[in-house]
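This is what each chain is made of:
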Amino acid sequence: MLGAVGAYDWTGTTVHKSPNKIITFAKKVFQDILQDRNDSSYFGYSVTSLVTQNSVLYVAGAPRFQHTGQIVIYTVGLNDEVVIKQTEKGEQLGSYFGSVLCSIDVNRDSLTDVLLVGSPMFMGQNKNEEGKVYVFSVNKQGSLEEQGILEGPVNGNTRFGAAIAAISDINLDGYNDVAVGAPVEDEQHGVVYIYNGYQTTIQPKPTQKIQASKINAQLQYFGLSIDGQKDLNGDTITDLSIGSIGNVVQLWSRSIANLSLTVIFEPSKLSIVDKTCPVNGIMLTCGKVKICFQATIKPEKHGSAINIKYKATFDVSLKSSHATSRALFQINNMREIQNDITVDNTQKCDEFGFYVNTENKKENAFNAKVIVHFSDNIYFASAMNTGCNIESSNVLSCDIGLPFLRGGDKDRELSNTDLSTTNINYYTISSNKLVPKIIHKLDEIGPEYVITLRVISGYFPVQTTYITVKIPVSTKKDNRLLYLTGVNQESNIICNAKLNTLNIGQKNHSTAFTKESLRDVQDLNCENVKCESFLCSINNLDMNKEYLINISTRIWLDTFINADSQSVVLTPSAEIKTKDSLLVITSNTLTIPIRITKPVGKKTVPTGVIVGSVIGGLLVLLALIGALWKLGFFKRKYNKLQKDEEDNENSGENDAEEEE
């Protein structure tokens, strides 16, 4: 396959040659796809082919297509008919996208895995011709899928991607590699970058940078052309030939050594109580450390070995903070030791003795305790912001440096890793709030409730930390409580939460409430309602750094409006764990309660209740009157009135006699 750039007044075409014939495709074959009004697409400027399981596809570049560039993927049938399969266009005017093409079989299975497309005149932010190389993967059907770009030089004229060449496994890992030229970089001396293949792709970061100025200061435009398919010096490793103006530079590839390191401590764990080693007249805890190396050298040759110089350091993570090391080598009474060793394919070890000094010199405390001894006439009452236990009648033990905080505690600088939260804890439902029967989008569910978990690492490295989050999602009668909609975390935090399980926003959801009373339940937690849990892992925690996990939920208002309840508490929770067996955790659970209330509404009293109350009142009154009658209350009153009347009559008769 050849490119004929100048054909048809610089529109260009391609030429296919087989043992039996030569085909030069007519202008009309690619005319529709090129849409070349000015006859200057330069079609065929670069050409290559893609091999798939079922067919062979051909790729041709047209770097001046509509001034942005284009590549065309096509097949040729038995009758020499051309079928266009796919096109890819450049993203910037004048970038010369498609001027360089390189197809690569990365895993050496005879099928094309990657197509690299050069755009050497792509301008960066500073209007320099930095260049860019696009990475396309080739699927089983032969279609291209863009995977990104190769990371190259920035901030300067480099024309990165002016030459791209597949090279045959230069690092001897079983995968083919790539060399990319940047001939204008380094004041036009030129630079070549090496990228290694892995599985079925090319790793985006370069593993080697070859500068012409360090080979020969007279070289110019080094990297204009590259070839790397042959072993030129007989050492079985592929070598490179790189072109520059007036010169070709041949570079011999060097042997590859993969070095493995093993560090073994004896004993594996130290007891700071067991002090059996005298050092400068003081009994200290001692041990041995064995540092072992083994090298795999390619290509394999009898007697191959490498000389290395290494430095071992105790408490290297604390060195930058100028903290005193807890362990020192016996041979030099220092935290560091340097040594030379010759390594081959058998394991070679150096052994050193060390001692541990646990004397406290005001370093940062970890799991620290304060032991208080007091006299018999003093009684312990309480301690603030810490946990204390009475060991005996006059001895008190207080933990002041626990690595995790209890719920509601403040941050302490003494702790190694803190788990805390910052979010609202109260929500009042509006008296006129209505929930639609059909929910179309998330904000129709109810207000958003965001839980922010904050993990603060201390001054001790932790490789992996696990946080289990539990969210109350529904009551025993399947009335929804909280609806999980999102988890936002940093790059080194991985969460396996299931979000928006009802696909609200993509399809409608009908609300349904089952009659239920929540008056007897003050706290809705995972012990009395249904919860969904998910795990978040934080890998390679940096020391003294804050990590945030934002969990977005929606309060399902339909439940709280219709349920028989005035005020209820929803309590999600989080629990933190670590694989470190030396890390003591006594309080590792955090609760995140939120109280949800609704205003008291005016309730109408049923008519039956009113009638029943009136009848009941009359019956009580009749019973009371009957009781008073039986007790003679009304009879005594009547007798008194009768006696008063007789007295009045007698008094009148006496007055009449006196007058006579």
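If you're wondering where the values come from, they're calculated on a predicted model, not measured in any experiment. (Residues numbered from 1 in each chain as written. Predicted model: local features only at pLDDT ≥ 70, side-chain atom pairs only at ≥ 80, totals over all residues. Heavy atoms only, no water.)

Undergrad: Whenever I open this one, the sheet that holds strand S10 (residues 132–138) confuses me. Can you help?
TA: Strand order across the open sheet formed by four strands is S8-S9-S10-S11, with antiparallel pairing between neighbours. Sheet topology places strand S8 (100–104) and strand S11 (144–149) at the edges, where each strand pairs with a single neighbour. Here the average twist between neighbouring strands, direction ignored, is 25 degrees. Alignment of strand S9 (residues 114–119) against S10, held across six bridges, turns out to be antiparallel. Bridge pairing in S10 places Val117 opposite Tyr134. (Pairing = 2+ DSSP bridges. Helix = DSSP H or I, 4+ residues; strand = E, 2+ residues; numbered from the N terminus. Axes fitted to C-alpha atoms, helices over the stretch in contact; angles between N-to-C directions.)

Undergrad: How do you make sense of the sheet that holds strand S20 (residues 247–251) when you look at a structure like this?
TA: Two pairing modes exist for strands in a sheet, parallel and antiparallel, and in both the strands are linked by backbone hydrogen bonds. With antiparallel pairing, the three strands of this open sheet are ordered in space as S18-S19-S20. Each edge of the open sheet is held by one strand with a lone partner, namely strand S18 (225–227) and S20. Pairs of neighbouring strands in the sheet enclose a mean axial angle of 15 degrees, with direction left out of account.

Undergrad: Just checking my understanding: could you explain the confidence of the model for the chain for this structure?
TA: Detailed reading of the predicted coordinates is not advisable wherever pLDDT is low. Taken over all residues, the pLDDT of the chain has a mean of 84, while the share at 70 or more is 85%. A low-confidence stretch, residues 402–417 stays under pLDDT 50, and its non-local contacts, those more than four residues away or across chains, total 52 contacts. (pLDDT = per-residue confidence, 0-100. Contact = heavy atoms within 4.5 Å.)

Undergrad: Could you clarify how one ought to interpret the pairing of S9 in this entry?
TA: Two faces belong to every sheet, and in a regular strand the side chains alternate between them. Among the six residues that make up S9, six are buried, leaving the element largely enclosed by the rest of the structure. Across five bridges, S8 lies against S9 in antiparallel orientation. When the sheet's bridge partners are listed, Cys102 is paired in S9 with Leu116. (Buried < 20%, exposed > 50% of the residue type's maximum accessible area, 1.4 Å probe, protein only.)

Undergrad: Is there a simple way to think about the environment of Asn508 in this case?
TA: Along the chain, Asn508 turns up in the loop between strand S37 (493–495) and strand S38 (509–510). Given the relative accessible area of 51%, Asn508 is considered exposed. It is 7.7 Å that separates the C-alpha atoms of Asn508 and Lys441, two residues lying 67 residues apart in sequence. Setting aside residues up to four positions removed in sequence, Asn508 forms contacts with Ile438, Ile439 and His440.

Undergrad: Which parts of the structure should I look at to understand the state of the cysteines?
TA: Disulfides are covalent bonds that connect the sulfur atoms of two cysteines. All told, the structure shown has four disulfides when counted by the stated rule. Paired through a disulfide, Cys277 and Cys286 show a sulfur-sulfur distance of 2.3 Å. Its S-S torsion of about -80 degrees marks the bond between Cys277 and Cys286 as left-handed, since a negative value means left-handed. For Cys277, a relative accessible area of 14% corresponds to the buried category. Here Cys526 engages in a disulfide with Cys531; their sulfurs sit 2.1 Å apart. Taking the torsion about the S-S bond as the criterion, the Cys526 to Cys531 disulfide, at about -100 degrees, is left-handed. (Disulfide = S-S within 2.5 Å.)

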